[in-house]
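An overview of the molecular structure
Read off the chains here:
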4 protein chains.
Amino acid sequence: MSTKTRVAILGATGYTAVEAIQLLLRHPHVEVTAVTSREPGRRLTQVHPALTGRLDLVFEEYTTPEKLAEKADVVFGCLPHGASASVIPGLLNAGCKVIDFSADYRLNDPAVFARWYGSESHDPTRLGHVPYGLPELFRPSIVGAQLVANPGCYPQTVVLPLAPLLKAGLIEPTSIIADAKSGVSGAGRNPKLNNLYPECNESISAYGVGTHRHTPEIDQVLSIMGGTATEVIFTPHLTPMDRGILTTTYSVPTRQVTQAELYECVREFYKNEPFIHVVDDLPATKHVAHTNFCNMALRVVRGRVMTIAAIDNLIKGASGSAVQNMNIIRGFPETTALL
Amino acid sequence: MSTKTRVAILGATGYTAVEAIQLLLRHPHVEVTAVTSREPGRRLTQVHPALTGRLDLVFEEYTTPEKLAEKADVVFGCLPHGASASVIPGLLNAGCKVIDFSADYRLNDPAVFARWYGSESHDPTRLGHVPYGLPELFRPSIVGAQLVANPGCYPQTVVLPLAPLLKAGLIEPTSIIADAKSGVSGAGRNPKLNNLYPECNESISAYGVGTHRHTPEIDQVLSIMGGTATEVIFTPHLTPMDRGILTTTYSVPTRQVTQAELYECVREFYKNEPFIHVVDDLPATKHVAHTNFCNMALRVVRGRVMTIAAIDNLIKGASGSAVQNMNIIRGFPETTALL
Amino acid sequence: MSTKTRVAILGATGYTAVEAIQLLLRHPHVEVTAVTSREPGRRLTQVHPALTGRLDLVFEEYTTPEKLAEKADVVFGCLPHGASASVIPGLLNAGCKVIDFSADYRLNDPAVFARWYGSESHDPTRLGHVPYGLPELFRPSIVGAQLVANPGCYPQTVVLPLAPLLKAGLIEPTSIIADAKSGVSGAGRNPKLNNLYPECNESISAYGVGTHRHTPEIDQVLSIMGGTATEVIFTPHLTPMDRGILTTTYSVPTRQVTQAELYECVREFYKNEPFIHVVDDLPATKHVAHTNFCNMALRVVRGRVMTIAAIDNLIKGASGSAVQNMNIIRGFPETTALL
Amino acid sequence: MSTKTRVAILGATGYTAVEAIQLLLRHPHVEVTAVTSREPGRRLTQVHPALTGRLDLVFEEYTTPEKLAEKADVVFGCLPHGASASVIPGLLNAGCKVIDFSADYRLNDPAVFARWYGSESHDPTRLGHVPYGLPELFRPSIVGAQLVANPGCYPQTVVLPLAPLLKAGLIEPTSIIADAKSGVSGAGRNPKLNNLYPECNESISAYGVGTHRHTPEIDQVLSIMGGTATEVIFTPHLTPMDRGILTTTYSVPTRQVTQAELYECVREFYKNEPFIHVVDDLPATKHVAHTNFCNMALRVVRGRVMTIAAIDNLIKGASGSAVQNMNIIRGFPETTALL
């Protein structure tokens, strides 16, 4: 009889799912017991050849929460926005712990959710009561939680470097501009013209200007950190690489600051965090590829404050944070399977 | 009144179509007058932003050959295999010259076509009477033709370097192995999982091993050149780049040969060809990118004969050859718009 | 006897040189007559295999201006910063027209040059009297010039979209942030660790934060356009692609503006420019790759003004602009060899 | 006091070194205690930013074997060919176990070494007595060895799939052609024009045709496996990706064989190997990226036998095999730190 934590992946055909499974295969206290898909019956390794010889499962149909709860203590929810909140309440009732990769539980205000996602939340009363799964900023609320809203990939690269500066009152909350660059895996695995190799390769472009759904998520965290309602100017760019996000932010300091002060503030804030590297040299996405680290640098240029932060969008930006959250709620050392 | 040759592109939403249009925009004696699509009404520049400010057309529905013939002297057929031969007979009757990009008229034997393409030819009686549009090998038959079968991209990189050697009896026809590497644009512009950026990037793989439809086309030309029925071992590989094909062939010489002999043979054969470069150094696809050139080198290694040839699959491999064929049948200098 | 304009390329081993040569090969009124290098004697095609069969020259040593002037009416100066201004005065005295690709003549103020380039100008008295070769903004001063300072690649993507807005007084000159992303060819062709394929590929990073030498060039043009001394916050990013620059700028409007007003202003300003496309959809570098076009879009997001502009850094950003400038000073139609 | 195995990396500035360190950081029984370089004094993380916050070492100069032996039980030799065999005898005398990444001990015959590497071996008497570190074929000789010659990356992809077929007498040893495609990291980290991003990107080319130094290494293993002196036709191609090798081989069967027979033979041969996946679908380098696996498929096409094998050139092709060899000689479970 296994005493390992049993994990099921709900909607396991995409890039974050295969990444999560690869991390969990290195986890000494965890066993992946089920993977679901709308096309059940296929072998997991047929859909994800990278798992060949490593995990021998067949995709199942998701039927009832009770059935899945028989197989799993923890569920990684990799369903699309909207679908997620339709399923998760049942899983919680059935006793599962859930790490939700979708945006369905990230926003505290149902009205904000409805405005940015174009439809009402399927579980509005829970909004505002689910911890935002960024342990570096919200660890206490994650401990012991039954449901965690795994954070968006872009928001982490904006809020992690800015949170200490906002908390310390060093920058104007109203002045923040975030210019972000992401690899193509962030767009998911559904075949779309825009994500074809010959469309993306040798090209960079902005997209979702003024309309990207990570905007209210960034607003929300920055508002909490700065203690005042904050609206970010956020521009994502599609970059010809598989994985990685690099975000450069620009803000106005509240008073004249030196680069040294910024570094001192941010290093002090994150001094005990195992996955945050405050670095002197400028970070690159390659430095953190395939890791759960966030590397960040700080600059003062012509009186403006700049932060430059890099993560792997599939690891720290999704599956790594999910494992980190699972470690916290299950009481495992937080870095297990992540170093 | 315009005295320019009017060209219509049938099925103009893909990569070869936009490439052809860009070449034709530089052609002093040609005007692109119509583009068709199954989704008429969209602006050409919406589908192909690279044409912004360069060609102001709206996609039309293809209705009757007569209607198109009113607008076009020459039709570039960019329809899929099968669809092409359903439409082209009508266009020929209506008086159009046609350069067909599909495989529908490349094979001389209807039985071979049916075996490799899985269905009968829609125009079987014409097979065997349509010139194969590789001017370097079949120019005389192209002159004055009303219909030309534009050659496949892979076959050119196999048959161009091998034709002189086969004609000279220097290599054994039965011994030919062709290992080809192509950029992703060769797979077309239809959204498919396998062509997504995160699937193709940072990966190389063989595909269509033993089953690729360019195989009988290569067989046919090699058989003509060598004067004996020939079957090639042909393996295409999907390579993480937009465009370009590099093919390395291996064959057994009929007698001991030197590298110098091979070079002499091939250089003599192509001495008047404007688009063939027989080079000493090893070619790379980048050397011919965005050009109509085929660069080829020859080697003798441990008694085997090797050829290495590179083309741009979208230019020499498709649209450039099409313009070259059009120049021949319209009597323009063959290199017009191609240098 | 040839009556074509004879062009020599000084320092012709890099990426801008080969790009310029390819453009000039399509120019009906021009002949490339000489290429120089510090390693004379090598064939041009050995260094640039893409020119195989297209231009048969051998690299020469640059000896005296008179010697080069015997062969060339126009010199494209592709020497490094510093070296350029040591050579160009002699060439001007010898009667050559010069398009200088370096930064040596771009800045009007010798003190600013010395501060950003770390050494005094070799030709300080000419600074301030050489036209900045961005025809869309400074055409009248280029007409009839003997020397033109070809503009930097990054600056074009900042100043082209912002110039009309500054001239119209629609944005605050002090508020401008420019976040730029460039392909690796912009870093030149000298072997350096940072430019190796495995260092750049699958990675994006900021570099030269607060110190990039295109900063004062941008300042200078924005100051002229806005009529007030302006300092930009400019951040370049190294992007895993060969070519292309996409720059997103953020600025504060001087009054509430609509996106429609911005478009009207910019479209009116550039209505007669053959190489500027003011587009509704967001531009991508791929849309302008291998062309002399600059595609730009405008947005208002949460009260801020944004511009997004794309060029090919090797064409519009360097060699295409050089040909455009040459066309102007020689009286050829400005678009010759560029469409 | 630590009872962990102490590992030093000799020549730790390149890609295989950083890869080895990352694997070793996951190894529960190992500690990396020293890294050497010709430029001592720099921080390890400055040269390899991916190790930031993970290993705090400073590069040392290599002085004497005794000094290094004080710090290390096992040495990973990442020196260039030639340099390696100058240093290793001393380290062996000082009691270190050595895994040599160079080619200095791979070939059994000093004359063959001298012919292909252009200079005499520095340690010729040891040649022929050092186990070739491919555990899947030579495990018994590795157990208990003090020095292991870590195998070349390309050879593994040729000999692993062919060894069972040769041993079973199913293919003609004289007929083997190996067409290999490698990512750029295989070319090392020294700045060279050919490895610059804009040279490699969007291009594939053959190199080292008939002259690549992995050829005699392949010959040697194939000769041992087939029991007869064998010469391979081996052609490497430089592919625009960071990592990965895919090799397609072609050979003539000794009698008519079916694909099923080939699979049965190879699956039986590798049935207990943890890192060999004999797969039905065609492998891609991405399926094995960042792993120690070799995935291989088998085909019969028009009477020829084909094998297609993929590895990560930096892991199974170098550092992963090194860890695997270390595990064997130190008595750790062979897969430790490799799954």
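Residues numbered from 1 in each chain as written. Chains lettered and ligands numbered in written order. Predicted model: local features only at pLDDT ≥ 70, side-chain atom pairs only at ≥ 80, totals over all residues. Heavy atoms only, no water.

Residue and element names in this part refer to chain B. Despite not being glycine, Glu202 shows a phi value in the positive range, around 55°. Inspection of the secondary structure puts Glu202 in the loop between helix H8 (197-200) and strand S7 (205-206). Positive phi is not limited to glycine here, since Arg302 has a value of about 50°. Assignment of secondary structure puts Arg302 in the loop between strand S11 (294-301) and strand S12 (304-311). (Helix = DSSP H or I, 4+ residues; strand = E, 2+ residues; numbered from the N terminus.)

Grouped together as the largest cluster of nonpolar side chains are 142 residues, with contacts concentrated most on B:Ile9, B:Phe76, B:Met326, D:Ile9, D:Phe76, D:Leu137 and D:Met326. Here this core takes nine residues from helix H7 (residues 153-167) of chain D, the largest share from any one element. (Core = buried A, V, L, I, M, F, W, Y, C linked by side-chain atoms within 4.5 Å. Buried < 20%, exposed > 50% of the residue type's maximum accessible area, 1.4 Å probe, protein only.)

What follows covers the interface of chain C and chain A. Listed as interface residues are 45 residues of chain C and, on the opposing side, 45 residues of chain A. Between chain C and chain A the total buried area reaches about 3,500 Å² when both faces are included, carbon and sulfur atoms providing 59% of it. On the chain C side of the interface with chain A, the three residues burying the most area are C:Glu202, C:Ile204 and C:Arg302, jointly 21% of the side's total. Along the contact surface separating chain C from chain A lie six salt bridges. (Contact = heavy atoms within 4.5 Å. Buried area = accessible area lost by both parts, 1.4 Å probe. Salt bridge = Lys/Arg side-chain N within 4 Å of Asp/Glu carboxyl O.)

This part is about the interface of chain D and chain A. In this complex, chain D contributes 18 residues to the contact, which on the side of chain A involves 18 residues. Considering only the surface of chain D that becomes buried against chain A, D:Arg26, D:Thr52 and D:His287 emerge as the three largest contributors, covering 28% of it. Counting the contacts that link chain D with chain A gives two salt bridges. The residue D:Lys286 makes a salt bridge to A:Asp242 at a minimum N-O spacing of 2.5 Å. For the pair chain D and chain A, the interface holds nine residue pairs in polar contact (both at pLDDT 80 or more). Of the residues belonging to the side of chain D that touches chain A, the class tally is five nonpolar, eight polar and five charged. (Polar contact = N/O pair within 3.5 Å; in protein donor to acceptor, adjacent residues only side chain to side chain. Nonpolar A, V, L, I, M, F, W, Y, C, P; charged D, E, K, R; others polar.)

Now for the sheet that holds strand S5 (residues 147-149) of chain B. In any sheet, the strands associate via hydrogen bonds between backbone groups, in a parallel or an antiparallel arrangement. Residues and elements named next belong to chain B. The five strands lie next to each other as S2-S1-S3-S4-S5, forming an open sheet whose pairing is parallel. Two strands close off the open sheet at either side, each with one partner strand: strand S2 (30-35) and S5. Averaged over all adjacent pairs, the angle separating strand axes in this sheet is 20°, with direction ignored. (Pairing = 2+ DSSP bridges. Axes fitted to C-alpha atoms, helices over the stretch in contact; angles between N-to-C directions.)

Time to look at the environment of C:Thr174. Note on placement: C:Thr174 falls in the loop between helix H7 (153-167) and strand S6 (177-182). For the pair C:Thr174 and C:Thr230, spaced 56 residues apart in the sequence, the C-alpha separation amounts to 5.9 Å.

For the rest of this paragraph, the subject is the pattern of salt bridges. Pairing is possible between side chains of opposite charge, provided their charged atoms come close. Applying the stated criterion to the full structure yields 80 salt bridges over all chains. Across the pair A:Arg267 and A:Asp280 runs a salt bridge, and its minimum N-O distance is 3.2 Å. Taken together, the positions of A:Arg267 in helix H10 (residues 259-269) and A:Asp280 in the loop between strand S10 (276-278) and helix H11 (285-288) put the pair 13 residues apart, joining distant regions of the chain. By relative accessible area, A:Arg267 is classed as partly exposed at 35%. Residue D:Asp179 is joined to B:Lys181 by a salt bridge in which the shortest nitrogen-to-oxygen separation is 2.9 Å. In this pair, D:Asp179 is assigned in strand S6 (residues 177-182) and B:Lys181 in strand S6 (residues 177-182), connecting two distinct chains. When sorted by exposure, D:Asp179 lands in the same class as B:Lys181, which is buried. The network of salt bridges with common partners includes A:Asp179, A:Lys181, C:Asp179 and C:Lys181.

This next bit is on the sheet that holds strand S3 (residues 74-77) of chain A. Residues and elements named next belong to chain A. What the five strands build is an open sheet, ordered S2-S1-S3-S4-S5; its pairing is parallel. Each end of this open sheet is capped by a strand with a single partner; those strands are strand S2 (30-35) and strand S5 (147-149). The average angle at which neighbouring strand axes cross in this sheet is 20°, direction not considered. Taken together, the five bridges between strand S1 (residues 5-10) and S2 define a ladder with parallel strand orientation. In the strand pairing of S2, Arg6 is matched with Glu31.

Applying the stated rule across the entire model yields 26 aromatic pairs over all chains. Geometrically, the ring pair formed by A:Phe76 and A:Phe101 is tilted, given 5.7 Å between the ring centres and 45° between the ring planes. Within this pair, whereas A:Phe76 is found in strand S3, its partner A:Phe101 is found in the loop between strand S4 (97-100) and helix H5 (110-117), the two being separated by 25 residues in sequence. For A:Phe76, a relative accessible area of 0% translates into the label buried. Measuring from centroid to centroid gives 6.1 Å for B:Phe275 and B:Phe293, while their planes differ by 50°, and the two rings are tilted. Residue B:Phe275 is found in the loop between helix H10 (259-269) and strand S10 (276-278), and its partner B:Phe293 is found in the loop between helix H11 (285-288) and S11; the two are separated by 18 residues along the sequence. Its relative accessible area of 0% is what places B:Phe275 among the buried residues. (Phe/Tyr/Trp six-rings, centres within 6.5 Å; stacked < 30°, edge-to-face > 60°.)

So, on to the pairing of strand S1 (residues 5-10) of chain D. All names here are of chain D. A large share of S1 lies buried, amounting to five of its six residues. This β-α-β element, S1 to helix H1 (residues 15-25) to strand S2 (residues 30-35), shows right-handed connectivity. Two strands pair when backbone bridges link them, and S1 and strand S3 (residues 74-77) are joined in this way by four bridges, in the parallel orientation. Residue pairing in the sheet places Leu10 in a bridge with Gly77 of S3. (Right-handed = clockwise from strand over helix to strand, strands pointing away.)

Residues and elements named next belong to chain D. Direction vectors running N to C along H7 and helix H9 (residues 214-226) enclose 15°, while the axes themselves pass 9 Å from each other. In terms of orientation, H7 lies roughly parallel with respect to H9. Between H7 and H9 the crossing geometry is right-handed. Seen from H7, the contacting residues are Cys153, Tyr154, Pro155, Val158, Val159, Leu162, Ala163, Leu166 and Lys167; seen from H9, they are His214, Glu217, Ile218, Val221, Leu222, Met225 and Gly226. (Parallel < 35°, antiparallel > 145°, perpendicular 65-115°, else oblique. Left-handed = near helix turned anticlockwise from the far one by under 90°.)

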